[in-house]
Amino acid sequence: MNPILDILAEMQNDRARAAWLSTIPLGVIQRDHADIAAVLGAAGFSGGLAYLAALVAHVNSVRLEDGSIPFETRQITDYSRKLMWGAVKQGEMVE
């Protein structure tokens, strides 16, 4: 496996996975999204899978004439990120 994905696979909790997913370069998301999804799925991190899907859509979205990403795409990505972090925080309160 890719050393970057080895780091993700060795993480012990969703907070660490969410932080990794929030900071990894978008180029890595684009290149390795299927492998990242497999690792997140094996960990049972559904919030991370939803955010990953939004990031992939973001990277692959058609840009507007001025080069910007459509508002709806940015909104979905931001909403997915907030849901992921909300689930992480909620899970920490339950434990």
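Quick note: structure is the one above.
Remember, it's a predicted structure, so these values are computed and weren't measured experimentally.

J.: Give me the nonpolar core: which residues, what numbers.
T.: If you look at soluble globular proteins, the nonpolar side chains tend to sit buried side by side. Among the nonpolar cores identified, the biggest contains 20 residues, and W20, L21, I29 and I36 are the most heavily contacted of them. The set of elements that each furnish at least two residues to this core consists of α1 (3-10), α2 (14-23), α3 (26-42), α4 (46-60) and α5 (71-94). Here this core takes five residues from α3, the largest share from any one element.

J.: Can you explain α3? Please cite residues and give values.
T.: Along α3, the helix axis deviates most sharply at D32, where the bend reaches about 85°. Along α3, the residues that are buried comprise V28, I29, D32, I36, V39 and L40. In this structure, the buried side of α3 is in contact with α1, α2 and α4. Positive backbone phi, approximately 75°, marks G44, located one or two places after α3.

Cut-off values and rules
The residue numbers shown here count from 1 along each chain, following its written sequence. Local features in this predicted model are restricted to residues of pLDDT 70 or higher, and side-chain atom pairs are both shown and tallied only at a pLDDT of 80 or more, whereas totals for entire chains, interfaces and linings draw on every residue. The side-chain numbers reported here are obtained from all heavy atoms of the structure, hydrogens and water having been left aside. Here the nonpolar core consists of buried residues drawn from Ala, Val, Leu, Ile, Met, Phe, Trp, Tyr and Cys, with membership extended through side-chain atoms lying within 4.5 Å. Burial classes follow relative accessibility: with a 1.4 Å probe on protein chains only, a residue under 20% of its type's maximum area counts as buried, one over 50% as exposed, and anything between as partly exposed. The helix count covers DSSP runs of H or I at least four residues long, the strand count covers runs of E at least two residues long, and both are numbered beginning at the N terminus. Throughout, bend refers to the angle between the axes fitted to the seven residues that end at a position and the seven residues that start at it. Residue contacts are counted whenever heavy atoms from the two residues lie within 4.5 Å of one another.

The analysis is restricted to geometry; functional conclusions fall outside its scope.
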